[in-house]
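Listed below, chain by chain, are the residues.
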Amino acid sequence: MAAAEPEVIRDKAAMRAWARRRRAEGKAVALVPTMGFLHDGHLSLVAAAAAAGGQPVAVVVSIYVNPSQFAPTEDLATYPSDLAGDIRKLAATGAVAAVFCPPDLYVRPGAGAASASCLEEAGGGYGHETWIRVQHLEKGMCGSSRPVFFRGVATVVAKLFNIVEPDVAVFGKKDYQQWRVICRMVRDLDFAIQIIGSEIVREADGLAMSSRNVHLSHLEREKALSISRSLVNARTAARNGNNHSQQIKDQIVQTLTEAGGQVDYVEIVEQESLVPLERIDRPAVICVAAWFGKVRLIDNVEIQAPT
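Every value quoted in this text rests on a predicted model; they were computed, and no experiment measured them. (Residues numbered from 1 in each chain as written. Predicted model: local features only at pLDDT ≥ 70, side-chain atom pairs only at ≥ 80, totals over all residues. Heavy atoms only, no water.)

The next point concerns the sheet that holds strand 4 (residues 96-100). Spatial ordering of the open sheet is given by 1-4-3-2-7-8, a layout of 6 strands whose pairing is parallel. The open sheet has two free edges, formed respectively by strand 1 (7-9) and strand 8 (194-198), since each of these has just one partner strand. Across this sheet, the average inter-strand angle for adjacent strands is 25 degrees, counted without regard to direction. With 3 bridges connecting them, strand 1 and strand 4 associate as parallel partners. Within strand 4, the position partnered with Ile9 by the bridge is Phe100. Along the sheet, helix 6 (residues 176-188) makes contact with strand 7 (168-172) and strand 8, crossing strand 8 at roughly 170 degrees. (Pairing = 2+ DSSP bridges. Helix = DSSP H or I, 4+ residues; strand = E, 2+ residues; numbered from the N terminus. Axes fitted to C-alpha atoms, helices over the stretch in contact; angles between N-to-C directions. Contact = heavy atoms within 4.5 Å.)

So this is what it looks like as structure tokens:
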């Protein structure tokens, strides 16, 4: 028997009404926010959402390329998209009840004026003006080179939470800082939502799955494998007793640079607070961002406290 097609919903009010009907039926609503161009990493989030909770679950996958997390110099215009293919992949899982793909979560019509986008300064006062900042966790790492990124992420996720009203939401831990930012936002703003962090899914050769991998040339992709190799080596060094963060970071930078990468950052931070650690003497995560060609890739590995 063919898998049931998920219901495709574009309107915000219709999405909210759909979720409330599912909850009235005694189901928990689990949300998987994505920007589309889905791969097996995203599908692993769907599986985690379907398995969440101790009651029947209605899984909603949102597909929305969020303009507010892209700076003007970043790759919004070229971000890959395949909505029809995404829906086929989600239908094949048999676990997704609805796909929410709104045309624009930020546009607000002006009185007698054209719609204004959140990226426009103009708009006669009808543009989007309300932003959520997670002030300390958004600093450093990705926040250093992408200053509007986490403001955009936190705001759009809060909007999705208010529209879908989920009981559970699942995020990939590849975007480690993003996951921690969302966890803190949920805690601080009293969203009654369980946040699940799902482990990184990798290609057979170790490269962390990403929608941006499609933009890598064959040679760039081979060079990008230095990211996962360097993290494996760093974890091994830490497990073997080297707890000096700077030594480990220097080795990662050297490995990536020798492979032809341009390092954005290498940081070793405490897992929850994201405070940089001079020594790995508590649960830590090593986070890396590097450019290979025109593609910026991120990856990380968690290290538990020494025994």
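This brings us to the pattern of salt bridges. Tallied over the entire structure, the rule returns 15 salt bridges. Linking Glu267 and Lys249 is a salt bridge whose minimum nitrogen-to-oxygen distance equals 3.8 Å. Of this pair, Glu267 sits in strand 9 (residues 262-270) while Lys249 sits in helix 8 (residues 245-258), and the two are 18 residues apart along the sequence. In this structure Glu267 comes out as partly exposed when scored by relative accessible area, which is 23%. (Salt bridge = Lys/Arg side-chain N within 4 Å of Asp/Glu carboxyl O. Buried < 20%, exposed > 50% of the residue type's maximum accessible area, 1.4 Å probe, protein only.)

As a further point, take helix 8. In this model, helix 8 (14 residues) spans 20 Å end to end at C-alpha, consistent with the 20 Å of a helix rising 1.5 Å per residue. Looking at the packing, one finds that the buried side of helix 8 touches helix 7 (218-239), strand 9 and strand 10 (284-292). Positive phi appears at Gly260, one or two residues downstream of helix 8, with a value of about 100 degrees. (Expected span 1.5 Å × (residues − 1).)

Bringing the pairing of strand 3 (residues 57-63) into the picture now. Each regular strand displays side chains that alternate between the two surfaces of the sheet. In terms of burial, strand 3 is largely enclosed, as 6 of its 7 residues are buried. Where strand 2 (residues 28-34) meets strand 3, 7 bridges bridge the pair, whose relative direction is parallel. Bridging from a neighbouring strand, Ala30 pairs with Val59 of strand 3. Regarding the hand of the β-α-β motif, the stretch spanning strand 2, helix 2 (residues 40-50) and strand 3 is right-handed. Here strand 3 pairs with strand 4 via 4 bridges, running parallel. Bridging across to strand 4, Val60 finds its partner in Ala98. Regarding topology, helix 3 (residues 83-93) serves as the crossover connection from strand 3 to the parallel strand 4, and that connection is right-handed. (Right-handed = clockwise from strand over helix to strand, strands pointing away.)

Take the packing of aromatic side chains next. Counted according to the given criterion, the structure contains 5 aromatic pairs. Seen from their ring centres, Phe70 and Tyr79 are 6.1 Å apart, and the 80 degrees between their planes marks the pair as edge-to-face. Given a relative accessible area of 13%, Tyr79 falls into the buried group. Ring centres 4.8 Å apart and planes at 75 degrees place the aromatic pair Phe149 and Phe150 in the edge-to-face group. Geometry around Trp18 places Arg22 over its ring, the cationic atom sitting 4.8 Å from the centre. (Phe/Tyr/Trp six-rings, centres within 6.5 Å; stacked < 30°, edge-to-face > 60°. Lys NZ or Arg CZ within 6 Å of the ring centre and 35° of its normal.)

Any functional reading would require information beyond the geometric quantities listed.
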